[in-house]
Amino acid sequence: MSINRRQWLQQSLLASTSVLLAGVPIAQGCASERPKDFREKDNLILLNWNENPYGPSESAVKAVSDAMQYANRYPDEVVVELKKKLAKNNELQEENFFLTAGSTEVLSLLGQHVSLQKGEILAPSPTFPTALRFGEQTGATVKRVKLDGDDRIDLDRLLQAISPKTTMVFICNPNNPTGTEVNTADLTNFCKRVPENVLICVDEAYIEYSNAGLEGSMISLVRQLPNLIICRTFSKTYGLAGLRIGFAVSQEQNIQALRARHLGAEISTGWPQLVAARASLDDTEFLNRCINKNNEGKEILYKAYDDWGVRYNPSSTNFVYARDDRFESNLVAKMRDKGILITKWPSMTNHIRVSIGRPEQLRKFIQVAEEFLI
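One structure accompanies this document, and this report is about it. (Residues numbered from 1 in each chain as written. Predicted model: local features only at pLDDT ≥ 70, side-chain atom pairs only at ≥ 80, totals over all residues. Heavy atoms only, no water.)

### A look at the overall build of the protein
And then number 1: From N to C terminus, the protein includes 12 helices and 11 strands.
And then number 2: When burial is assessed residue by residue, the protein has 56% of its 374 residues classed as buried.
And then number 3: Of the contacts made within the protein by residues no fewer than 6 positions apart, 74% connect residues no fewer than 24 positions apart.
And then number 4: Surface exposure of the protein reaches about 16600 Å², of which carbon and sulfur atoms provide 47%. (Helix = DSSP H or I, 4+ residues; strand = E, 2+ residues; numbered from the N terminus. Buried < 20%, exposed > 50% of the residue type's maximum accessible area, 1.4 Å probe, protein only. Contact = heavy atoms within 4.5 Å. Areas by Shrake-Rupley, 256 points an atom, 1.4 Å probe, with all protein chains shown as cover.)

Shown next, in the form of structure tokens:
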């Protein structure tokens, strides 16, 4: 059911208490992707979860070490400090930011919000599934719109698919798992054309790696659009996946609504995460080095795929999405037996996804994968 702007503000995230979820997967990966024993990682090449192989930065590590002396104190002060820095960097107010243990917390809250309204999430397919799966498993419906012929999000088809049932449109840009991005101007125009009573969630987990870079972020639209929520993370380019810290950006009423429903009340992120994130924002040299090394890694993988005749998408992320029809069946399991982890979600019937590791890791992947070419 369509709702006007005032109804949206009244019936938004504040309209419900927290829903406790158990057993809802964060992503569509297979259990065999991940080592059961953490120590087993030392003997594996991990090209499956899009982690930054070069992070965290030395400045982040030092900040965490120094902060441990304050581990007996709640981190309220540093929460404020990080939000002020984010606000300054993005020319917004600290009230526009909400800190969480990774961006998946925001996505799960939004999925729950739609389900509690018995609403509908409209999303491209395939895309990152967290918001969709949390929504579906708690009562929302999901309408999926196929990508275009180049595996890019078809914004025109998405816009046409909005109906009175649509509660939220989800856009992951650059998109996971396909690695493609949509034009900044086109996405800006799309967001402005979505009705105000429909939430827009733009997941920018890989924005730093994109061709447009941070200038392609939709954060610049937050002041204009009351229905826009941006999700960002320090897990990827900044190399802090294991610390779990991300943030949402939106107008103040939406941030307050998210905060009211969040079990952690914004202190589920502790001193280590917060100071590491703050230090990482200042370490532009490290960030640029990681982006450059990622670009070098992509070229290594592209060359092998070109030599083999493997079809792939030029990537705006730190992974490459490719057709698997040039390889023997069960490639993921066969690579796992050789000590290399790659990804194939159940929805990726004809594709694999390989994260960009260090050059020597990619060369090892190429050496092993060549054994399974047909």
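### Looking at the pairing of strand 4 (residues 141-146)
And then number 1: Summarising the sheet, strand 3 (residues 120-125) and strand 4 pair through 6 bridges and their orientation is parallel. Residue pairing for strand 4: Ile 121 is matched across the bridge by Val 142.
And then number 2: Regarding the hand of the β-α-β motif, the stretch spanning strand 3, helix 5 (residues 130-136) and strand 4 is right-handed. (Pairing = 2+ DSSP bridges. Right-handed = clockwise from strand over helix to strand, strands pointing away.)

### Focus: the layout of surface pockets
And then number 1: Size it by volume and the second largest pocket reaches roughly 410 Å³.
And then number 2: Asn 89, Asn 90, Leu 214, Ile 219 and Arg 232 are, among the 22 residues lining the second largest pocket, the residues nearest its centre.
And then number 3: For the lining of the second largest pocket, the secondary structure elements donating two or more residues are helix 3 (76-90), strand 7 (228-233), helix 9 (271-282) and helix 10 (284-308).
And then number 4: By residue number, the principal contributor to the lining of the second largest pocket is helix 3, which donates 3 residues. (1 Å grid on protein atoms, 1.4 Å probe; cavity = no way out; pocket = protein on both sides within 12 Å on 5 of 7 lines; lining within 4 Å. Points joined across faces, edges and corners; volume = space filled by probe spheres on them.)

### Describing the environment of Val 64
And then number 1: Counting through the fold element by element, Val 64 comes out in helix 2 (residues 58-67).
And then number 2: On the basis of relative accessibility, which here comes to 19%, the residue Val 64 falls in the buried class.
And then number 3: Excluding residues within four positions of it along the chain, Val 64 makes contact with Leu 243, Pro 272, Val 275 and Ala 276.

### Examining the pattern of salt bridges
And then number 1: Tallied over the full model, the rule gives 14 salt bridges.
And then number 2: With a shortest N-O distance of 3.4 Å, Glu 296 and Lys 293 are connected by a salt bridge. Taken as a pair, Glu 296 and Lys 293 lie in helix 10 at a separation of 3 residues, close to a single helical turn.
And then number 3: The exposure class of Lys 293 is partly exposed, given its relative accessible area of 27%.
And then number 4: In this structure, Glu 371 and Lys 338 form a salt bridge, with 3.4 Å as the shortest nitrogen-oxygen distance. Pair noted here: Glu 371 is in the segment after helix 12 (359-369) and Lys 338 is in the loop between helix 11 (331-337) and strand 10 (340-341), with a separation of 33 residues, a long-range link.
And then number 5: Via salt bridges that share partners, Glu 204, Glu 208 and Arg 232 belong to a single interconnected network. (Salt bridge = Lys/Arg side-chain N within 4 Å of Asp/Glu carboxyl O.)

### Describing helix 3
And then number 1: Between its first and last C-alpha, helix 3 extends 21 Å over 15 residues, near the 21 Å set by a 1.5 Å rise per residue.
And then number 2: Residues of helix 3 that are buried include every one of Val 78, Val 79, Leu 82, Lys 83, Leu 86 and Ala 87, and no others.
And then number 3: Just downstream of helix 3, Glu 91 is the residue with a positive phi angle, here 55°. (Expected span 1.5 Å × (residues − 1).)

### Side note on the packing of aromatic side chains
And then number 1: Enumeration according to the criterion identifies 9 aromatic pairs in this entry.
And then number 2: On the numbers, 6.1 Å between centres and 50° between planes, the contact of Phe 97 with Phe 247 is tilted. With a gap of 150 residues between them, Phe 97 in strand 2 (residues 97-100) and Phe 247 in strand 8 (residues 246-249) connect regions that are remote in the sequence. Here the two residues Phe 97 and Phe 247 agree in accessibility, since each one is buried.
And then number 3: Geometrically, the ring pair formed by Tyr 206 and Phe 319 is edge-to-face, given 5.3 Å between the ring centres and 80° between the ring planes. Here the residue Tyr 206 occupies a position in the loop between strand 6 (199-203) and strand 7, and Phe 319 occupies one in strand 9 (residues 319-323), the gap between them amounting to 113 residues. The two residues Tyr 206 and Phe 319 agree in class, both being buried. (Phe/Tyr/Trp six-rings, centres within 6.5 Å; stacked < 30°, edge-to-face > 60°.)

### Some remarks on the sheet that holds strand 6
And then number 1: Sheet architecture is open: 7 strands sit in the order 2-8-7-6-5-3-4, paired in mixed fashion. Pairing within the sheet leaves two strands with one partner each, and these edge strands are strand 2 and strand 4. For this sheet, the mean angle separating the axes of adjacent strands, direction not counted, is 20°.
And then number 2: Note: strand 7 against strand 8, 4 bridges, orientation antiparallel. The residue bridging Arg 232 from the neighbouring strand is Phe 247, located in strand 8.
And then number 3: Its contacts with the sheet put helix 8 (residues 252-261) on strand 2, strand 7 and strand 8, and the angle it makes with strand 2 is roughly 25°. (Axes fitted to C-alpha atoms, helices over the stretch in contact; angles between N-to-C directions.)

### Focus: the pairing of strand 2
And then number 1: Side chains of strand 2 alternate between two faces, with Phe 97 and Leu 99 and Phe 98 and Thr 100 buried alike.
And then number 2: Direction of pairing for strand 2 relative to strand 8: antiparallel, over a ladder of 4 bridges. From the neighbouring strand, Phe 97 faces strand 8, where its bridge partner is Val 249.

### With respect to the environment of Asp 325
And then number 1: Here Asp 325 shows up in the loop between strand 9 and helix 11.
And then number 2: Between the C-alpha atom of Asp 325 and that of Ile 352, which follows or precedes it by 27 residues, the distance is 9.8 Å.
And then number 3: Not counting chain neighbours up to four residues away, the residues in contact with Asp 325 comprise Arg 311 and Ile 374.
And then number 4: In terms of polar contacts, Asp 325 uses its side chain to reach the side chain of Arg 311, at 2.5 Å. (Polar contact = N/O pair within 3.5 Å; in protein donor to acceptor, adjacent residues only side chain to side chain.)

### Some details on unusual backbone geometry
And then number 1: With an omega dihedral of 0°, the bond running from Ser 125 to Pro 126 counts as a cis peptide bond.
And then number 2: Residue placement: Pro 126 occurs in the loop between strand 3 and helix 5.
And then number 3: The omega angle of the peptide bond from Asn 176 to Pro 177 is 25°, so this bond is cis rather than trans.
And then number 4: Looking at the element boundaries, Pro 177 is found in the loop between strand 5 (166-172) and helix 7 (184-193).
And then number 5: One non-glycine residue with positive phi stands out, namely Asn 50, at about 55°.
And then number 6: Residue classification places Asn 50 among the buried positions, given a relative accessible area of 1%.
And then number 7: Positive phi is not limited to glycine here, since Asp 151 has a value of about 60°.
And then number 8: Tracing the backbone through its elements, the reader meets Asp 151 in the loop between strand 4 and helix 6 (155-161).

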